[in-house]
Amino acid sequence: QKEVEQDPGPLSVPEGAIVSLNCTYSNSAFQYFMWYRQYSRKGPELLMYTYSSGNKEDGRFTAQVDKSSKYISLFIRDSQPSDSATYLCAMSETGANNLFFGTGTRLTVIP
Amino acid sequence: DGGITQSPKYLFRKEGQNVTLSCEQNLNHDAMYWYRQDPGQGLRLIYYSQIVNDFQKGDIAEGYSVSREKKESFPLTVTSAQKNPTAFYLCASTPQRNSNQPQHFGDGTRLSIL
């Protein structure tokens, strides 16, 4: 079993839809959770960074962490064609820089 | 403009050849990382360095080598021992070792076999 599981998609939604992206994990020691966005032929860029359980909102993006269920989510409101990319979840233990990544979900927002 | 610069963007390797991928950062970050990205497999850690003149193997270090002689530079050599080198290679960095700060990435080098 992989430490981090992420549905690879692909996921296609119409412009303006709410998108929900999810990851599950098995290591209860993970405390730091990240979402990265990766455009084709580019490196991942950090979207959201959260610690432990709870919600964090930044513009159209909301990250949720449920440590009791070992489940994290990224919601995108009012999705735009420019949101079309691969979204990677990542997580780490306290006191460690090494990240564990999901395989990524490819999202296409159709105008 | 601070960031991580990877070069070249595209690289081709002949059979039996070693090739070196460059990674330079001007963020004054202590820790640097090399990942390999293959379709459907996510990012896999090759090597990482928490400080100058020190580096550690990641999950898939076989067939690769690194050096960290300067804080801003962390080159990766793909040796002829790596039998399946075709992949997208990503370099990343964080400000301090073991600080749980998120990693920042370069724009990658795509390596292919001739």
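Look up a bit, the structure's there.
These numbers were taken from a predicted model, which means no experiment stands behind them. (Residues numbered from 1 in each chain as written. Chains lettered and ligands numbered in written order. Predicted model: local features only at pLDDT ≥ 70, side-chain atom pairs only at ≥ 80, totals over all residues. Heavy atoms only, no water.)

## Description of the overall build of chain B
Line of reasoning, step 1. Of regular secondary structure, chain B possesses zero helices and eleven strands.
Line of reasoning, step 2. Listing each helix as α and each strand as β along chain B from the N terminus yields β-β-β-β-β-β-β-β-β-β-β.
Line of reasoning, step 3. Considered along the principal axes of its C-alpha atoms, chain B spans approximately 40 × 30 × 25 Å.
Line of reasoning, step 4. Across the 114 residues that make up chain B, the buried fraction comes to 48%.
Line of reasoning, step 5. Sequence-distant contacts in chain B: of pairs separated by 6 or more residues, those separated by 24 or more amount to 53%.
Line of reasoning, step 6. Just so you have it, chain B exposes about 5500 Å², and 44% of that area is on carbon and sulfur atoms.
Line of reasoning, step 7. Within chain B, the 11 negative side-chain charges are centred at a point lying 5 Å from the centre of the 12 positive side-chain charges. (Helix = DSSP H or I, 4+ residues; strand = E, 2+ residues; numbered from the N terminus. Buried < 20%, exposed > 50% of the residue type's maximum accessible area, 1.4 Å probe, protein only. Contact = heavy atoms within 4.5 Å. Areas by Shrake-Rupley, 256 points an atom, 1.4 Å probe, with all protein chains shown as cover. Lys, Arg positive; Asp, Glu negative; His and termini not counted. Charge placed at Lys NZ, Arg CZ, Asp CG, Glu CD.)

## With respect to the interface of chain A and chain B
Line of reasoning, step 1. Listed per partner, the contact involves 23 residues of chain A and 26 residues of chain B.
Line of reasoning, step 2. Of the roughly 1800 Å² buried between chain A and chain B on both sides combined, carbon and sulfur atoms contribute 48%.
Line of reasoning, step 3. Across the chain A-chain B interface, the total number found is one salt bridge.
Line of reasoning, step 4. A salt bridge links Lys42 of chain A to Asp107 of chain B, with the shortest nitrogen-to-oxygen separation between them at 3.6 Å.
Line of reasoning, step 5. Where chain A meets chain B, there are seven residue pairs in polar contact (both at pLDDT 80 or more).
Line of reasoning, step 6. For the side of chain A that touches chain B, a count of residues per class yields ten nonpolar, nine polar and four charged. (Buried area = accessible area lost by both parts, 1.4 Å probe. Salt bridge = Lys/Arg side-chain N within 4 Å of Asp/Glu carboxyl O. Polar contact = N/O pair within 3.5 Å; in protein donor to acceptor, adjacent residues only side chain to side chain. Nonpolar A, V, L, I, M, F, W, Y, C, P; charged D, E, K, R; others polar.)

## Regarding the pairing of strand β8 (residues 71–76) of chain A
All names here are of chain A.
Line of reasoning, step 1. Pairing analysis gives six bridges linking strand β3 (residues 19–25) to β8, with the strands arranged antiparallel. Residue pairing in the sheet places Thr24 in a bridge with Tyr71 of β8.
Line of reasoning, step 2. Where strand β7 (residues 61–66) meets β8, six bridges bridge the pair, whose relative direction is antiparallel. Bridge pairing in β8 places Gln64 opposite Ser73.
Line of reasoning, step 3. Connecting the antiparallel pair β7 and β8 is a turn made up of four residues, with Lys70 showing a positive phi of about 55°. (Pairing = 2+ DSSP bridges.)

## Comments concerning the pairing of strand β2 (residues 10–13) of chain B
Residues and elements named next belong to chain B.
Line of reasoning, step 1. Burial along β2 is one-sided: Leu11 and Arg13 are buried, and none of Tyr10 and Phe12, which face the opposite way, are.
Line of reasoning, step 2. The sheet contact formed by β2 and strand β11 (residues 109–113) spans four bridges and is parallel. Looking across to β11, one finds that Arg13 is bridged to Ile113.

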